[in-house]
Amino acid sequence: MHSKRITIRNFNTKDLDKVIDINRLSLPENYIPAFFLDIHKNCSDAFQVAEVNGDIAGYIMCRIENGFSDFKRFRVVKKGHIVSIAVRSEYRKMGIGSALLNETIKVLRRFAVNECFMEVRVNNFNAIKLYKKIGFEFIRRGHGYYQDGSDAYTMGINFSN
Ligand SMILES: CC(C)(COP(=O)(O)OP(=O)(O)OC[C@H]1O[C@@H](n2cnc3c(N)ncnc32)[C@H](O)[C@@H]1OP(=O)(O)O)[C@@H](O)C(=O)NCCC(=O)NCCS
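The rules we used
- Residues numbered from 1 in each chain as written.
- Predicted model: local features only at pLDDT ≥ 70, side-chain atom pairs only at ≥ 80, totals over all residues.
- Near = placed C-beta within 6 Å.
- Helix = DSSP H or I, 4+ residues; strand = E, 2+ residues; numbered from the N terminus.
- Buried ≥ 20, exposed ≤ 12 C-beta atoms within 10 Å, placed from the backbone.
- Contact = placed C-beta atoms within 7 Å.
- Pairing = 2+ DSSP bridges.
- Axes fitted to C-alpha atoms, helices over the stretch in contact; angles between N-to-C directions.
- Expected span 1.5 Å × (residues − 1).

Chemist: Before we go on, may I ask you to explain the site of the ligand in this structure?
Modeler: Around the ligand, a shell composed of 20 residues is seen, among which R92, G97, S98, N126 and L130 lie nearest. Of all the secondary-structure elements, those providing two or more residues to the shell around the ligand are β4 (76-87), α3 (96-110), β5 (115-121) and α4 (125-134). By residue number, the principal contributor to the shell around the ligand is α4, which donates five residues.

Structure, rendered in structure tokens:
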């Protein structure tokens, strides 16, 4: 088997169709193209893709928002919100999800972001395991958060410690 070369790089609008494909194949939460582009406009460095031998294997898109801290009561902070992350099924379990998250965390720290969070289905055990491994912790459970009525955990990581 030939070795796989994984590269993490900034999303380019030319990648949009491939990213939309991966999103549709991987998750029930799908969005119109303008939504992806809006997130890209919010912080282009926090929208990353993973390439394996030139093929787009996964993406992560993250928005920077100001909002109430998940860690310090009634404090308004700069937060990274990971809106979506997915890796094509044939490229999973190779460390790509971890690499995308770690790169995004580096970018957020560079932008002096204090915290990062995302929502995840309570039964998405693989994703939860990945987030815990990176250092995210459970913040709260959102009842009926998803369109199909499923609950979500909000998971977060605090960079200010
Ligand atoms: C969740 C997802 C992004 C993980 O991507 P990935 O590239 O496979 O992740 P990694 O290879 O970096 O795995 C990192 C860790 O996550 C956990 N993990 C990921 N996939 C797993 C699986 N199938 N079984 C068990 N643990 C798993 C493990 O702890 C793994 O670390 P390890 O290999 O040292 O055991 C990928 O499974 C995916 O795209 N799923 C569908 C979309 C989705 O659910 N996105 C998250 C929405 S909130």
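Chemist: Honestly, the environment of Y91 in this entry has me stumped. Any pointers?
Modeler: For Y91, the position within the fold is in the loop between β4 and α3. Given 19 C-beta atoms within 10 Å, Y91 falls into the partly exposed group. Non-local contacts of Y91, meaning those with residues more than four positions away in its chain, are made with V52, A57, G58 and I96.

Chemist: Could you clarify how one ought to interpret α4 in this entry?
Modeler: The periodicity of an α-helix, 3.6 residues per turn, causes residues three or four positions apart to be oriented the same way. In terms of burial, α4 is a largely surface element, one of the ten residues being buried. The first or second residue beyond α4 is G135, which carries a positive phi of 120 degrees.

Chemist: Teacher, can you tell me more about the sheet that holds β4 here?
Modeler: Within a sheet, each strand pairs with its neighbour through backbone hydrogen bonds, oriented either parallel or antiparallel. In space, the seven strands of this open sheet follow the order β1-β2-β3-β4-β5-β7-β6, with mixed pairing throughout. For this open sheet the edge positions go to β1 (6-10) and β6 (137-142), each flanked by a neighbour on one side alone. Taken pair by pair, the neighbouring strands of this sheet meet at an average axis angle of 25 degrees, ignoring direction. Two elements, β5 and strand β7 (residues 152-158), share seven bridges in a ladder whose sense is antiparallel. By the bridge assignment for β7, R121 is matched with A152.

Chemist: Got a minute to help me understand α3 in this structure?
Modeler: Its 15 residues place the ends of α3 21 Å apart at the C-alpha level, agreeing with the 21 Å of an ideal helix rising 1.5 Å per residue. Of all the residues in α3, the buried ones are I96, G97, L100, L101, T104, I105, V107 and L108. Along its buried surface, α3 packs onto β1, β2 (47-52), β3 (55-68), β4, β5 and α4.

Chemist: How should the environment of A152 be read in this particular structure?
Modeler: Here A152 is to be found in strand β7. Along the primary structure A152 and V76 are separated by 76 residues, whereas in three dimensions their C-alpha atoms are 23 Å apart. Non-local contacts of A152, meaning those with residues more than four positions away in its chain, are made with E119, V120, R121, V122, G142, Y145 and Y146.

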